[in-house]
Amino acid sequence: MNSRFVHSFSPLVLIVAIVITVGCNRRNEIDNSMDLADSLMNVKPDSALTVLNRIDTSFIDCNEQSARYALLKSMALDKNYVDTTSFGILQPAIDYYLSKGTANERLRTYYYQGRIYQNNGDDDSAMQCFMRGREYCQEASDTLTIGNLLVAQATIFFITYKIDEFIENNLEAARLYRAIDRRDYEMSCLAKVLDGSIHKKDKHLADSVMSIAQQRAA
């Protein structure tokens, strides 16, 4: 090879190598930040949101990474009691995960999509999302989101006077929450079941729930 060509070509190769290296480092930094946010999500959601807010999203350069950030940000906002009414944040996750995601990713995406519809007062669309999400509950391993989906769906059952379904969902959610030692969520579900039993004037169910709640509170 002509030495003059090598000398003229080498700086370009070096520049490309530097750009690729910097890009890879930034992607790794973003992935590490998202890993950290994910690990904090259920124990310190405020810290998870802080970590996500510090990510420079202008360096997110692929659909998969964009979808993960979108889902994590939606999760963090919801867990910090920020009632999102726009699909702007979640949309990349909807576009990517609903066709290419794992069972957990699809379950979560449908759940948070449904929550946004609920925040907008569109319970029909929310219920459709929750029903689609339930299709992945057998395969998914995210017990907390399964429980949360059941509770969110139960809320719609209650306002549409489907008390039996309201009770059934909350009982199942309570069982799931107990399995992951989320007593706070479990007790909330049991209180809702008690409310449902009062609506049905079902004294046997009310007594049973009270007994379980007292045992769990002991």
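Parameters and conventions
- Residues numbered from 1 in each chain as written.
- Predicted model: local features only at pLDDT ≥ 70, side-chain atom pairs only at ≥ 80, totals over all residues.
- Heavy atoms only, no water.
- Helix = DSSP H or I, 4+ residues; strand = E, 2+ residues; numbered from the N terminus.
- Buried < 20%, exposed > 50% of the residue type's maximum accessible area, 1.4 Å probe, protein only.
- Contact = heavy atoms within 4.5 Å.
- Areas by Shrake-Rupley, 256 points an atom, 1.4 Å probe, with all protein chains shown as cover.
- Polar contact = N/O pair within 3.5 Å; in protein donor to acceptor, adjacent residues only side chain to side chain.
- Core = buried A, V, L, I, M, F, W, Y, C linked by side-chain atoms within 4.5 Å.

Engineer: How should the overall build of the protein be read in this particular structure?
Structural biologist: Looking only at helices and strands, one finds ten helices and zero strands in the protein. Reading the secondary structure of the protein in the N-to-C direction produces α-α-α-α-α-α-α-α-α-α. Looking at the protein as a whole, 41% of its 218 residues are labelled buried. Put simply, of all contacts in the protein between residues at least 6 apart along the chain, 56% involve residues at least 24 apart. Within the structure as shown, the protein displays about 12500 Å² of accessible surface, and the carbon and sulfur contribution to it stands at 52%.

Engineer: So what exactly am I meant to see when it comes to the side chain of D142 here?
Structural biologist: Tracing the backbone through its elements, the reader meets D142 in the loop between helix 6 (123-134) and helix 7 (143-159). Classification of D142 as buried rests on a relative accessible area of 10%. Among the polar contacts listed, one links the side chain of D142 to the side chain of T145, at a separation of 2.6 Å. With near-sequence residues (within four places) excluded, D142 lies in contact with N104, L107 and R108.

Engineer: Explanation requested: the nonpolar core in the structure shown.
Structural biologist: One finds M34, M41, L52, L71, L90, L107 and F130 to be the most contacted residues of the largest nonpolar core, which totals 59 residues. Considering each element in turn, this core owes the most residues, nine residues, to helix 7. Those residues in contact with M41 that sit more than four places away from it in its chain are A48, L52, L72, M75, A76 and K79.

Engineer: What should I look at first to understand the side chain of Q65 in this one?
Structural biologist: Take Q65: it is sitting in helix 3 (residues 63-79). A polar contact is formed between the side chain of Q65 and the side chain of D31, at a distance of 2.9 Å. Here Q65 is in contact with R27, I30, D31, M34, F59 and I60, once residues within four sequence places are set aside.

Engineer: Can you walk me through unusual backbone geometry in this structure?
Structural biologist: What is expected of a backbone is that most residues other than glycine have negative phi and most peptide bonds are trans. One non-glycine residue, Y81, lies in the positive phi region at around 60 degrees. Turning to its location among the elements, Y81 is positioned in the loop between helix 3 and helix 4 (91-100). Under the relative-accessibility criterion, Y81 is labelled exposed at 73%. Located in the positive-phi region is Y161, a residue other than glycine, with phi close to 65 degrees. Along the chain, the position of Y161 falls in the loop between helix 7 and helix 8 (163-179).

So far we have only geometry, and geometry alone does not tell us how the molecule works.
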